[in-house]
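A closer look at the structure
The chain contents come next:
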Amino acid sequence: MKSKHIETIAVHGGNAVDEGTKAVVSPINLSTTYEREADGSYPKEFLYQRLNNPNRQALEECMAQLEGGVGGACFSSGNAAAMTVFQALKPGDHAIIADDLYRGIYFQIGTVFKDWNLEFSFVDLSDLDQLEKAIRSNTKLIWAESPSNPLLKITDLRAVADISHRHNITCIADNTFATPVFQKPLTLGFDLVLHSMTKYMGGHSDVLGGAIVAKEATPFFERIKRIQVSGGAVLAPFSCYLVLRGIRTLAVRLNQQALNAMEIAQFLNEHPKVEAVNFPGLPGHKGHDIAKNQMCGFGAMLSFLVKGGEQEAMKVAANVQLFTRATSLGGVESYIEHRASIEKKSAKKGESIVTPDNLLRLSTGLENSHDLIADLEQALET
Ligand SMILES: *Cc1c(COP(=O)(O)O)cnc(C)c1O
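Residues numbered from 1 in each chain as written. Predicted model: local features only at pLDDT ≥ 70, side-chain atom pairs only at ≥ 80, totals over all residues. Heavy atoms only, no water.

**Let's talk about the overall build of the chain**
To keep things clear, this is the line we draw: The helix count covers DSSP runs of H or I at least four residues long, the strand count covers runs of E at least two residues long, and both are numbered beginning at the N terminus. Contacts are assigned to residue pairs with any non-hydrogen atoms lying within 4.5 Å of each other. A 1.4 Å probe and the Shrake-Rupley method give the accessible areas. Residues count as covered only by the protein chains that appear here. The charged-residue count follows a simple rule in which Lys and Arg add positive charge and Asp and Glu add negative charge, with His and chain termini not counted at all. Taken as the charge centre is NZ of Lys, CZ of Arg, CG of Asp or CD of Glu, depending on the residue.
Counting its regular elements, the chain contains 14 helices and 12 strands. Considering only contacts in the chain between residues 6 or more positions apart, those separated by 24 or more positions represent 72%. Summing over all exposed atoms, the chain offers an accessible surface of approximately 17000 Å²; the carbon and sulfur share of this is 52%. Distance between charge centroids for the chain: 3 Å, based on 37 positive and 43 negative side chains.

Structure follows, in structure tokens:
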């Protein structure tokens, strides 16, 4: 059979009717240990929960299929997945990191890995010359994220993957914002994809999880998996079950959420109290053409600048009634967030942040777009 479409993979990926009971939905398998045969063997290859578990295996299989990879590893969080990637580097290695990557991973590098005899360069990956110049003889990793957070900057992923491979460097893309519904970094040439499954994969803001999917079973990916099961940064069976349950509706959720986001972006773009809208689906967006080229939809995240300053932006966030004032993203309910205040909170003393003070980020949910627009309209008027 021909390789299947994303909607079909989302519904069926990793599922198998339970042999013991004929249950259509795989049961949650909580056992930490498995019985050996008389000869000492493990006929089902499950041995101990930290090493493997049926729910985790099903989710990893589904994630690999969704991203078009050969295998996946599911972690206790997106940050745990990132941490394992850096642990898989060796002392003295150099990594080039997108300068606008997810803040939590930026802070992880600054607080944990700066003391690990690893070298990091933070580079604007939309500038390919800058990327080429940053490459050293000990560069082992290039880390991209597109669209980025919270400015929704677009990186030319094909070009970054080409440069990586010309220099024999492993490249990884954080695909949390786009999801495989809209973008598949592995088919654009990337070696690894990272997800915070806490976001769109789980999709209901009630489970934490992370994943790495590999295009090929490289020694680097094998090392990531060895470090993972050795340290135990694995996703618990119940969480695996919840994420997989969320994935079943991934495609239909994302398609509708992206439609809502496009309508909201167009509304904000015309609004007199809005200075600018960051959404790759708008033709005026700097990365629109590249986005059109490498994505088949523009996602459901956007941000906008309120005319005036921090106070005016805070007032809009204070006045919304339908949007929830919350961090994170990817749930069925819409969120609004003043990013600068949360980023300042986690920044080290004296460290500056680049997010504008008048920026609000929206995670567009599944409400009716007219209701969401009406809410923003009244919040901007008051
Ligand atoms: C949330 C997020 C992460 C971190 O994931 P957790 O599950 O919160 O640890 C990484 N990358 C992006 C883009 C995210 O939005």
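The rest of the description comes next.
**Some thoughts on the site of the ligand**
Stated precisely, the cut-off is as follows: A molecule or strand has a residue near it when one of that residue's heavy atoms lies within 4 Å. For the purposes of these results, a polar contact is taken to be a pair of N or O atoms within 3.5 Å, where, inside protein, one atom must be able to donate a hydrogen and its partner to accept one; residues adjacent in sequence count only when each atom of the pair is a side-chain atom. Residues are grouped as follows: Ala, Val, Leu, Ile, Met, Phe, Trp, Tyr, Cys and Pro are nonpolar; Asp, Glu, Lys and Arg are charged; every other residue, Gly included, is polar.
With respect to spatial proximity, 14 residues lie near the ligand, and among them Asn79, Asp174, Ser196, Thr198 and Lys199 are the closest. In this structure, an oxygen atom belonging to the ligand sits 2.8 Å away from a main-chain N or O atom of Asn79. Between the ligand and Ser196 there is a distance of 2.9 Å, counted from an oxygen atom to a side-chain nitrogen or oxygen. Isolated, the ligand exposes 380 Å² of accessible area, and the fraction of that covered by the protein chains is 93%. Residues of the shell around the ligand, tallied by class, amount to 4 nonpolar, 7 polar and 3 charged.

**A few points about helix α3 (residues 78-87)**
The test is simple: Type-normalised accessible area, obtained with a 1.4 Å probe on protein chains alone, sets the label of each residue: buried when under 20%, exposed when over 50%, and partly exposed for intermediate values.
Most of α3 sits inside the fold, with 7 of its 10 residues counted as buried. Of all the residues in α3, the buried ones are Gly78, Ala80, Ala81, Ala82, Thr84, Val85 and Phe86. Where α3 begins, the capping side chain belongs to Ser77, and its oxygen is found 3.3 Å from the backbone nitrogen of Asn79.

**Points about the side chain of Glu343**
With respect to the helices, strands and loops of the structure, Glu343 is situated in helix α13 (residues 339-346). Residue Glu343 is classed as buried on the basis of its relative accessible area, which comes to 3%. Polar side-chain contacts of Glu343 include one of 2.7 Å to the side chain of Thr355. Sequence-distant contacts of Glu343, defined by excluding residues within four places in its chain, comprise Arg103, Phe107, Pro150, Ile353 and Thr355.

**Remarks on the packing of helix α10 (residues 250-270) against helix α14 (residues 369-381)**
The condition that has to hold: What counts as an axis is a line fitted to C-alpha atoms, over the stretch in contact for a helix, and the angles between N-to-C directions run from 0 to 180 degrees. What sets the label is the angle itself: under 35 degrees gives roughly parallel, over 145 gives roughly antiparallel, 65 to 115 gives roughly perpendicular, and the rest give oblique. A crossing counts as left-handed when the near helix is turned anticlockwise from the far one by less than a right angle, and as right-handed when that turn is clockwise.
For the pair α10 and α14, interaxial distance at closest approach is 10 Å and the crossing angle is 30°. Viewed along their axes, α10 and α14 adopt a mutual orientation that is roughly parallel. Pair α10 / α14 crosses with right-handed handedness. The residues of α14 that touch α10, namely those facing Asn260, Glu263, Ile264, Phe267 and Leu268, are Ser369, Leu372, Ile373, Leu376, Glu377 and Leu380. Looking at the contact of α10 with α14, its residues break down into 7 nonpolar, 2 polar and 2 charged.

**Notes on the pattern of salt bridges**
Stated precisely, the cut-off is as follows: Only one rule defines a salt bridge in this text: a Lys or Arg side-chain nitrogen within 4 Å of an Asp or Glu carboxyl oxygen.
Under the criterion given, the structure shown has 13 salt bridges. Measuring nitrogen to oxygen at the nearest pair gives 2.5 Å for the salt bridge that ties Arg136 to Glu119. Here Glu119 lies in strand β3 (residues 119-123) and Arg136 lies in the loop between α5 (128-134) and β4 (139-145), a separation of 17 residues in the sequence. Among the residues examined, Arg136 registers a relative accessible area of 38% and is labelled partly exposed. Two residues, Asp124 and Lys153, come together in a salt bridge whose shortest N-O distance is 3.6 Å. Remark: Lys153 occurs in the loop between β4 and α6 (157-166) and Asp124 occurs in the loop between β3 and α5; sequence separation between them is 29 residues. Look at the salt bridges and you will find they share partners, linking Glu337, Arg339, Glu343 and Arg361 into a network.

**Notes on the sheet that holds strand β9 (residues 301-306)**
Sheets are built from strands paired through backbone hydrogen bonds, the pairs being either parallel or antiparallel. Our working definition: DSSP calls a pair of strands paired once it identifies at least 2 bridges connecting them.
An order of β8-β9-β12-β11-β10 is seen for the 5 strands of this open sheet, with the pairing classed as mixed. In the strand order of this sheet, the two ends are held by β8 (274-278) and β10 (324-325), each with one partner. By the bridge criterion, 2 bridges tie β10 to strand β11 (residues 335-338) in an arrangement that is parallel. Across the sheet, the residue bridging to Thr324 is Tyr335, located in β11. Along the sheet, α10 contacts β8, β9 and β12 (359-363); its crossing angle with β9, the most-contacted strand, is approximately 15°. Each of β11 and β12 is contacted by α13, which is oriented at about 60° to β11, the strand it contacts most.

**Some points on the side chain of Thr84**
Following the sequence through the fold, Thr84 ends up in helix α3. Those residues in contact with Thr84 that sit more than four places away from it in its chain are Phe75, Ile224, Ile227 and Gln228.

**Overview of the sheet that holds strand β2 (residues 94-98)**
Taken in spatial order, the 7 strands make up an open sheet running β1-β7-β6-β5-β4-β2-β3, and their pairing is mixed. Unpaired on one side and paired on the other, β1 (71-75) and β3 mark the two borders of the sheet. Strand-to-strand, the axes of this sheet are offset by a mean angle of 20°, without reference to chain direction. The pairing of strand β5 (residues 170-174) with strand β6 (residues 192-196) spans 3 bridges and is classified as parallel. Counted as the bridge partner of Ala173 is Val193 from β6. Where helix α4 (residues 103-111) meets the sheet, its contacts fall on β2, β3, β4 and β5, and the angle it forms with β3 comes to roughly 145°. Contacting β1, β4, β5, β6 and β7 (210-214), helix α8 (residues 219-231) runs over the sheet at an angle of about 30° to β1.

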